[in-house]
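# Secondary and tertiary structure notes
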Amino acid sequence: MKLVNVADYGIKGINYYWERKSKFDLTEDELCSVGVLANNALVDEILIPKLKEANEIFKKHGYELIVKDAYRSPELYQLVKGKRYEIDGKENTDKTFNPVRMPHSSGKAVDINLVDLKTGIEIEMWDKKDWPAGAFINFYEDKTDSLSKEFQRLQDFMINTMLNLGFQLGLKNEFWHFEYEV
Ligand SMILES: [Zn+2]
């Protein structure tokens, strides 16, 4: 695994837990101790051509890719597991967070969203009040209101684009999580 910063290749990226230090009661010192030194998305370099390709497709439709979380060290997984169990409870945490399989420790898993090219603002593809059930691929499928339909359309577009490039969904089926040969 050779980790690189997606920003060095023209792709937007953040570190989920750096960005949400206060929400998860994490200090910069704690994050540094598990290898998170800045607000960057690091991936195995083999992902870069794939992410660039995805970004080109998204741009044709008026969006841009943003990587919201990428490489996590095993030590980061364990640190975050403890914090999340405290804050959100074990049951809710285990629905999306897998501290056993640790797919993000491969450097070949990304959590992504789209940014509107015109406004520079991230697209909403779900309503956070639907957490945790709304994080999964089928949640809005059978809903008939226009907002749910738009969420489903955007998720389908993002998911189909990624799957066509050889990515797979994770075992938990969150609509934003994609893995490449993990
Ligand atoms: Zn993920």
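Procedures and definitions
Residues numbered from 1 in each chain as written. Predicted model: local features only at pLDDT ≥ 70, side-chain atom pairs only at ≥ 80, totals over all residues. Helix = DSSP H or I, 4+ residues; strand = E, 2+ residues; numbered from the N terminus. Contact = placed C-beta atoms within 7 Å. Expected span 1.5 Å × (residues − 1). Buried ≥ 20, exposed ≤ 12 C-beta atoms within 10 Å, placed from the backbone.

With omega at 0 degrees, the peptide bond leading from Trp131 into Pro132 counts as cis. Residue position: Pro132 is located in the loop between strand S5 (109-116) and helix H6 (146-164). Of note in the backbone geometry, Met102 takes a positive phi value of approximately 50 degrees without being a glycine. Among the secondary structure elements, Met102 is positioned in the loop between helix H5 (90-96) and S5. Phi is positive for Asn173, close to 65 degrees, though the residue is something other than glycine. When you line up the elements, Asn173 lands in the loop between strand S6 (168-169) and strand S7 (177-179).

Turning to its location among the elements, Val43 is positioned in strand S3 (residues 42-44). Expressed as a C-alpha distance, the spacing of Val43 and Glu174, which sit 131 residues apart in the sequence, is 19 Å. Filtering out sequence-adjacent residues up to four positions away, Val43 remains in contact with Leu3, Val4, Val6, Ala70, Tyr71, Gly107 and Val110.

With that out of the way, let us pick up H6. Across its 19 residues, H6 extends 27 Å between first and last C-alpha, which sits within 8% of the 27 Å expected from 1.5 Å per residue. Within the span of H6, buried status applies to Phe151, Gln152, Met158, Thr161 and Met162. Where H6 is buried, its residues touch helix H3 (48-60), S5 and S7. Immediately downstream of H6, the backbone of Gly166 shows phi near 100 degrees, a positive value.

Without other data, these values stay purely geometric and don't point to any function.
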